[in-house]
Amino acid sequence: MKQATRTNQAISLKGSTKIVTEFFEYSVNSILYQRNIYPPDDFRMVKKYGLPMLITADEELKAYLETILKQVHEWLMQKTITRLVLAITSKETLETVERWQFDIITEDENGTGESSGSAAASGKPKEKTEKEVQVEIREIMKQITASVTFLPVLEEECSFTLLAYTSTQDPLPLPEKWNDADPHLIDKGKVEQVRLRSFSTNVHKMEAMVAYRVGE
Amino acid sequence: MALDSNLGGGGGKGDLTNPFITKPQASPMKRPPSRPGSAMSGHSRSGMGIGGGSMDIVGDRDEGMMERGRDRSEGEKGAFGGGAGGMKFSTGRNLDRFIPSRSSSVDPALAAGDMSNYSISNDDDYMTNVSLASTNASDSNGQPGAPHTRILSFAAAPPSSSSHNPHATSHLSLSRQYTKTGAAGKGAAAGSSAAAAGKSSRKFPQTPDRVLDAPGFMDDYYLNLISWSCTNKVAIALVDTVYIWNAETGDVTGLHTSTETELPVVTSLNWASDGSYLAVGNESGSVEIWDTDTAKRIRNMTGHLARVPSLSWNGSVVSSGCRDGSIWHHDVRVQNHKVQELRGHNAEVCGLAWRGDGQFLASGGNDNIVNCWDGRIGQSIISNDVNLPSQGPKWQKHNHTAAVKALAWCPWQNSLLATGGGTSDQTIHFWSSTTGARVSSLPTSSQVTSLVWSPHTKEILSTHGYPDNHWTLWSYPSLSKVHEVTGAHDKRILGSGVSPDGCTVVTGAADESLKFWKIWEAKATPKQKMMERDENGAVRNKPSVSMWR
């Protein structure tokens, strides 16, 4: 039976992975633009999710993000990634000043009787159309854009790091050029966090949240 | 209370003492019995999450993700059922679209308990995270099949932003450079100190690149005797003969007609947009079309009763302004060449300029009027000479106080038209062709004899007459002076033309000389290269004007 569900989901997992990866691409770009990690004129506007989204035109950065997202895509397909974190760090002190966290919850898997039971119990709306998902993503994107209003201004020059949290039954073979990393937490006592909206496909549930350092 | 819970909550798991969770065991959790250990911790954590709406970072950092998600969704239900934190929870969950729930300041009602809750969890969280390795190890909650959690990051650092990186994407840095110089140019005009900075980054010519003799160049303000084609040829009229100077080779050809003995004085000339034909207006009122490659006159279109001092091409239509104040559209393809007459001036039409897209024609006259005409010729092509549709101008302006000879459409702002007035006016007005509104005005020190917009920068060049015989480069829209060469010529400058690459301006003056000034630099950004290619492609693809002979 498990086998059967797997094959049934194969396509939707693929589609969902694409949606999630795409979401990462646009949200990361959006954050890099909104938080001024890269100069604003490096970004060009594209229409996506019914919103004007900004995508970097910097070839190097583009290639860099592409490499990472390709790996994330792979992990999503393997259902091993549980969280993606975009940490914005000060270039000077290397302190994390902002931490965008995207939790990925792979639904309907690795549960035996439980998942089906809970799905039935909660009456989960099955077969979400892509359009509905897009609407949900749009809301997150709007929130990311709007979050500039409450996030503190980044005064120092900043860089960013993308962290992937993986969780596997067996130790994950490290892909080339990936290393274990520090979680890039913000110093305790100085942190405030805001939960953003979430979206879900039939396979993945994505929950976004931003933590940021506040002044003393 | 907070302290208690903190003490109790070792490793973020012992939050059973949390004040918001009264009876964790009694709450209707839908947790299957398969994982008793995590069920407890999960529940307590979810309870915390409910209270703050924000605890998640903390509680789950050391937990497997799947577990967490399930915990939360179930935990919410559990909290409601348990009743302890239910009310608070409901407020926290009501998310506004744009105002996300902020952890520490969501609801004043939550304040005390919530804050403490928050900080507790935070501490716990932090502690557990600090010793990440150990938490990872202990993460399993004693379960044998617990997942291995790893935090991974890509080894390479992200590329630094291109502004600090010399090897960054070239077109970006170029365009940045472009905007910078543009800003510097503007700033240069604003203040004298800034002007020095602006000048240092850009060289302005004080002397011409090249000087050509133009013996017999007519010293008549109303005539338009210089035109530079897109094929890089400069046409200049010296009394009764037109000479073509090839800017690439330096060759000069004269356009002679051997048949006529006494030639009328040439009063205007203008290159067709594809550079293959030259329209020549003369004193007798006829408009001639010349093929410059063979140096042959192809057509002679007569009809004007007085001299033709201005010409402008638009596709296969050449428009001629006459001394009697009329403007005619000549369609060079048909036998009855006169397809429309525009009456809007009652004095010599000395300035005529089609907008690049052929939508509007601007004309300036000795009656101090600027007219803007709708470029559509309407039914006139099929109507005969007797029954020509006549139309008034789209808008008419009387702001100038002298003859308007200098007219120029802005290449980078379609609707922008600049017009310059004669000796008693000395003003450049900027108009919006769509609304007819005067956008701005710029007083100068002398008569304005011609205007050239820069295709590369936001600048406009004006040439002037007595007393300084100068040309001035202005930035637009700030209208500040960027550069000026006084005494550019010994006598007043009468006309100008711009090279097809948009870098060099030729000025012709009453001192019977042509001077070439290299004023602008072509910005070779890929985008512009592409645009240039497009333009060239468009020119190439444009069907060349077919002539009725």
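Residues numbered from 1 in each chain as written. Chains lettered and ligands numbered in written order. Predicted model: local features only at pLDDT ≥ 70, side-chain atom pairs only at ≥ 80, totals over all residues. Heavy atoms only, no water.

Caption draft 1: Molecular detail of the overall build of chain B. The helix and strand tally for chain B stands at 10 helices and 31 strands. By the burial criterion, 54% of the 549 residues in chain B qualify as buried. Contacts in chain B between residues far apart in sequence, at least 24 positions, make up 51% of those at least 6 positions apart. A total accessible area of about 23,500 Å² is found for chain B, and carbon and sulfur atoms account for 53% of it. (Helix = DSSP H or I, 4+ residues; strand = E, 2+ residues; numbered from the N terminus. Buried < 20%, exposed > 50% of the residue type's maximum accessible area, 1.4 Å probe, protein only. Contact = heavy atoms within 4.5 Å. Areas by Shrake-Rupley, 256 points an atom, 1.4 Å probe, with all protein chains shown as cover.)

Caption draft 2: Seen up close, the pairing of strand 3 (residues 81–90) of chain A. Residues and elements named next belong to chain A. Strand 3 sits mainly inside the fold: 10 of its 10 residues count as buried. The pairing of strand 3 with strand 5 (residues 158–168) spans 9 bridges and is antiparallel. Within the sheet, the bridge partner assigned to A87 lies in strand 5 and is T161. In this sheet, strand 4 (residues 96–106) lies alongside strand 3 in antiparallel orientation, the contact comprising 7 bridges. Note that in strand 4 the partner of L84 across the bridge is F102. Counted along the chain from strand 3 to the antiparallel partner strand 4, the turn is 5 residues long, and its residue L94 has a positive phi close to 65°. (Pairing = 2+ DSSP bridges.)

Caption draft 3: Main features of the packing of aromatic side chains. Under the counting rule described, the total for this entry stands at 21 aromatic pairs over all chains. Following the ring pairs from residue to residue traces out a cluster consisting of F23(A), F24(A), F102(A) and F199(A). When the ring centre of Y221(B) is taken as reference, the NZ or CZ atom of K405(B) above it lies at 5.6 Å. One Lys or Arg, K458(B), reaches over the ring of W412(B) and ends 4.5 Å from the middle of that ring. (Phe/Tyr/Trp six-rings, centres within 6.5 Å; stacked < 30°, edge-to-face > 60°. Lys NZ or Arg CZ within 6 Å of the ring centre and 35° of its normal.)

Caption draft 4: How the structure looks around the environment of F23(A). Mapping F23(A) onto the fold places it in helix 1 (residues 2–34). Spatially, the C-alpha atoms of F23(A) and I137(A) are 7.4 Å apart, while their sequence positions differ by 114 residues.

Caption draft 5: Quick peek at the UniProt feature "repeat: WD" (unreviewed entry) in chain B. Under the UniProt annotation, "repeat: WD" (unreviewed entry) lies at residues 266–300, 342–383 and 486–519 of chain B. When the span residues 486–519 of chain B is considered, its composition is 0% helix and 53% strand, and the gap between its end C-alpha atoms is 15 Å. (UniProt positions renumbered as here; feature names shortened; annotations may be inferred.)

Caption draft 6: Local environment of helix 2 (residues 59–78) of chain A. Residues and elements named next belong to chain A. Relative to the 28 Å expected for 20 residues at 1.5 Å per residue, helix 2 spans 29 Å between its end C-alpha atoms, a close match to the ideal helical length. Its side-chain oxygen placed 3.1 Å from the backbone nitrogen of E60, D58 serves as the N-cap of helix 2. Backbone geometry just after helix 2 places K79 at a positive phi near 60°. (Expected span 1.5 Å × (residues − 1). Polar contact = N/O pair within 3.5 Å; in protein donor to acceptor, adjacent residues only side chain to side chain.)

Caption draft 7: Representation of the nonpolar core in the model. By size, the foremost hydrophobic cluster in this structure holds 54 residues, and its most contacted members are F23(A), F24(A), L32(A), W100(A), M141(A), F160(A) and F199(A). If we ignore the near neighbours within four places in the chain, the residues touching L32(A) are I37(A), Y38(A), F43(A), L61(A), L65(A) and F160(A). Core analysis: the next-biggest nonpolar cluster, separate from the first, contains 27 residues, A214(B), L238(B), W271(B) and L514(B) among them. (Core = buried A, V, L, I, M, F, W, Y, C linked by side-chain atoms within 4.5 Å.)

Caption draft 8: Molecular detail of the side chain of R355(B). Residues and elements named next belong to chain B. Structurally, R355 is set in the loop between strand 16 (349–354) and strand 17 (360–365). Using a relative accessible area of 7% as the deciding quantity, one classes R355 as buried. A polar side-chain atom of R355 sits 2.9 Å from a polar atom in the side chain of D357. Engagement of the side chain of R355 in a polar contact is seen with the side chain of S433, the distance being 3.1 Å.

Caption draft 9: How the structure looks around the sheet that holds strand 23 (residues 427–432) of chain B. Residues and elements named next belong to chain B. The strand order 21-22-23-24 describes an open sheet built from 4 strands, whose pairing is antiparallel. The open sheet has two edge strands, strand 21 (404–409) and strand 24 (438–443), and neither has a second partner. The sheet shows a mean angle of 20° between the axes of neighbouring strands, taken without regard to direction. By the bridge criterion, 5 bridges tie strand 22 (residues 416–421) to strand 23 in an arrangement that is antiparallel. Considered in strand 23, the bridge of L417 is made with W431. (Axes fitted to C-alpha atoms, helices over the stretch in contact; angles between N-to-C directions.)

Caption draft 10: Quick look at the environment of H456(B). Inspection of the secondary structure puts H456(B) in the loop between strand 25 (448–453) and strand 26 (459–464). Reaching out from H456(B), the side chain makes a polar contact with the backbone oxygen of G502(B) at a distance of 3.4 Å.

Caption draft 11: A look at the side chain of S286(B). Residues and elements named next belong to chain B. The topology assignment puts S286 in the loop between strand 9 (277–282) and strand 10 (287–291). Within the local environment of S286, its side chain forms a polar contact with the side chain of N282, the two groups lying 3.1 Å apart. A polar contact is formed between the side chain of S286 and the side chain of N300, at a distance of 3.3 Å. Residue contacts for S286: discarding those within four places in its chain leaves V280, G281, N300, M301, T302 and V308.

Caption draft 12: Just the sheet that holds strand 7 (residues 252–255) of chain B, in detail. Residues and elements named next belong to chain B. Within the open sheet, the 4 strands sit side by side as 4-5-6-7. Their pairing is antiparallel. Looking at strand neighbours, the two that pair on one side only are strand 4 (226–228) and strand 7, the edges of this open sheet. Neighbour to neighbour, the strand axes of the sheet diverge by 20° on average, direction disregarded. Where strand 5 (residues 233–238) meets strand 6 (residues 241–246), 6 bridges bridge the pair, whose relative direction is antiparallel. Paired with L238 across the bridge in strand 6 is T241.

Caption draft 13: Structural context of unusual backbone geometry. With an omega of 5°, the peptide bond running from Y466(B) to P467(B) counts as cis. Along the chain, P467(B) falls in the loop between strand 26 and strand 27 (471–475). At N36(A), a position not held by glycine, the phi torsion is positive, near 60°. Within the fold, N36(A) resides in the loop between helix 1 and strand 1 (43–48). On the basis of relative accessible area, N36(A) is assigned to the partly exposed category, the value being 49%. Positioned with a positive phi, Q426(B) is a non-glycine residue whose angle comes to about 55°.

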